[in-house]
Amino acid sequence: MAFIDLAQVKVEAGTGGSGACSFARFKYVPKGGPDGGDGGRGGSIYIRADMNLATLLDYKYQTIWKAQRGLHGKGKNMTGRSGEDLYMPVPRGTVIRDVASGEIVGEAIDPELPILVARGGRGGRGNARFATSTHQAPREWEPGGDGQERDLELELKLIADVGLVGEPNAGKSTLLSVVSAARPKIADYPFTTLEPNLGVVGLSGARSYVVADIPGIIEGAHMGKGLGLQFLRHVERTRLLAFLVPLDAEDPQLVYNRLRSEVASYSKLLSARPHIVVLTKRDVLAPDAELPAIDAPQAISVNVISSAANTGLEDLKEHLWRLIRTERQAEEVTSDLA
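Bear in mind the structure is a predicted one, so any value in this text is a computation, not a measurement.

Draft legend 1. How the structure looks around helix α4 (residues 252-266). Over its 15 residues, α4 extends 21 Å from the first C-alpha to the last, a length consistent with the 21 Å expected when each residue adds 1.5 Å. All buried positions along α4 are accounted for by P252, Q253, V255, Y256, L259, R260, E262, V263 and A264.

Shown next as structure tokens:
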């Protein structure tokens, strides 16, 4: 299935039904009063998070979404049926933006809290509503109100605990495949990963966290080079970044500095996120070989692993869990204070 993380759609809420102009015509009631019913309300459109979705693929092929219109009122004071509301399912973490104004309408996070994006038109009043003691046979009625229409941009930003950041062939996909049940494409050429992958890391005691692997970052990614700019937004939601530096790189320090620079150029806020350094491919060096020193004063730690040889992985998983738990607790305290 294709991974689509950006889509533009047009939403059209339902028009309200018009009120009726009618007078009672019953046997033995030759001059019945006005009995025109009101029109039904037009259906509104909501966007709702769906935990089972992982892409905006549906909105690539269907770009216009319309809610039902309300039915017109009828005689005998019968109100027209209201149009059904339309719910558009999107992956959790989808940001909704109004195209015309650029304003953020909302973000789909909780499936129980749908976001209203287009309000349905009100139903028009029937002539029975206009009857008064001095105006007993009104012929006035109201048309239904128009439903709201707008163009929306849907942008998916994956939500994960840990974001794996590295250059092509740094071992991100391999690491994700050995610490979780995810099965990303793995090969020995650059840009094997063409779309983000999510994996759930399970630990003992029913502990778990989510890791995101994004396509490789190259120099100039923040300006659109390679695939970096297209997918860097997917690490904006992570609690922690893990910079992967392969030990077979010609200059590991330069690789780390380049990754930090690209992330900082993309977002200062993202650059300030807690991070660790993971030296990958330990198996390519001799067991007694001296490891290159990485100058990373802002990093929480420097970890050494080999996904192929399965060394250092358990320690890394537990280390990440402790860091994530600390971040979650800090978020809960901040939420309580707010």
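From this point on, the discussion continues.
Draft legend 2. Structural context of the packing of aromatic side chains. Here the structure, examined in full by the defined rule, presents four aromatic pairs. Ring geometry for Y46 and Y87: centres 5.1 Å apart, planes at 15 degrees, overall stacked. With Y46 in strand β2 (residues 45-50) and Y87 in strand β4 (residues 86-91), this pair connects stretches of sequence that are 41 residues apart. Aromatic side chains Y209 and W321 sit 6.5 Å apart centroid to centroid with 25 degrees between the ring planes, which places their arrangement in the stacked category. On the criterion of sequence distance, the pair formed by Y209 in strand β11 (residues 207-213) and W321 in helix α6 (residues 313-337) is long-range, its members being 112 residues apart. W321 matches Y209 in its accessibility class, with the two residues each being buried. Between the NZ or CZ atom of R48 and the centre of the ring of Y87, over which it lies, the distance is 4.3 Å.

Draft legend 3. Up close: the sheet that holds strand β12 (residues 240-246). Reading across the sheet, the six strands line up as β10-β11-β9-β12-β13-β14 and stay open at both edges, with mixed pairing between neighbours. Looking at the sheet topology across the chains shown, the edges are occupied by β10 (197-203) and β14 (302-304). The average angle at which neighbouring strand axes cross in this sheet is 25 degrees, direction not considered. One ladder, built from three bridges, connects strand β9 (residues 162-166) with β11; its direction is parallel. Note that in β11 the partner of V162 across the bridge is V211. Contacting β9, β10, β11 and β12, helix α2 (residues 172-179) runs over the sheet at an angle of about 40 degrees to β10. Sitting on the sheet, α4 is in contact with β9, β12 and β13 (275-280), with an inclination near 145 degrees to β12.

Draft legend 4. Seen up close, the pairing of β13. Of all six residues in β13, six are buried, a share of seventy percent or more. In this sheet, β13 lies alongside β12 in parallel orientation, the contact comprising six bridges. Across the sheet, V245 pairs through a bridge with L279, a residue of β13. Across three bridges, the pairing between β13 and β14 is parallel. Paired with L279 across the two strands is V304, which belongs to β14.

Draft legend 5. Structural detail: the sheet that holds β2. Pairing within the open sheet is mixed, and its three strands lie in the order β4-β2-β7. Each of the sheet's edge strands pairs with one partner strand only, and the pair in question is β4 and β7 (115-118). Sheet twist, expressed as the mean angle between neighbouring strand axes with direction ignored, is 35 degrees. Sheet topology note: the β2/β7 ladder contains three bridges and is antiparallel. If you follow I45 over to β7, its bridge partner there is A118.

Draft legend 6. A look at the nonpolar core. Membership of the largest hydrophobic core comes to 22 residues, with the highest contact counts inside it found for V162, L175 and Y209. Sorting elements by how many residues they give to this core places α6 first, with six residues. Filtering out sequence-adjacent residues up to four positions away, Y209 remains in contact with D161, V162, G199, V200, V201, L203, K317, L320, W321, I324 and R328. Counting 21 residues, the second largest nonpolar core, distinct from the first, contains W65, I115, A118 and L156.

So, how was this worked out
Residues numbered from 1 in each chain as written. Predicted model: local features only at pLDDT ≥ 70, side-chain atom pairs only at ≥ 80, totals over all residues. Heavy atoms only, no water. Helix = DSSP H or I, 4+ residues; strand = E, 2+ residues; numbered from the N terminus. Expected span 1.5 Å × (residues − 1). Buried < 20%, exposed > 50% of the residue type's maximum accessible area, 1.4 Å probe, protein only. Phe/Tyr/Trp six-rings, centres within 6.5 Å; stacked < 30°, edge-to-face > 60°. Lys NZ or Arg CZ within 6 Å of the ring centre and 35° of its normal. Pairing = 2+ DSSP bridges. Axes fitted to C-alpha atoms, helices over the stretch in contact; angles between N-to-C directions. Contact = heavy atoms within 4.5 Å. Core = buried A, V, L, I, M, F, W, Y, C linked by side-chain atoms within 4.5 Å.

That's the geometry; what it means functionally is another story.
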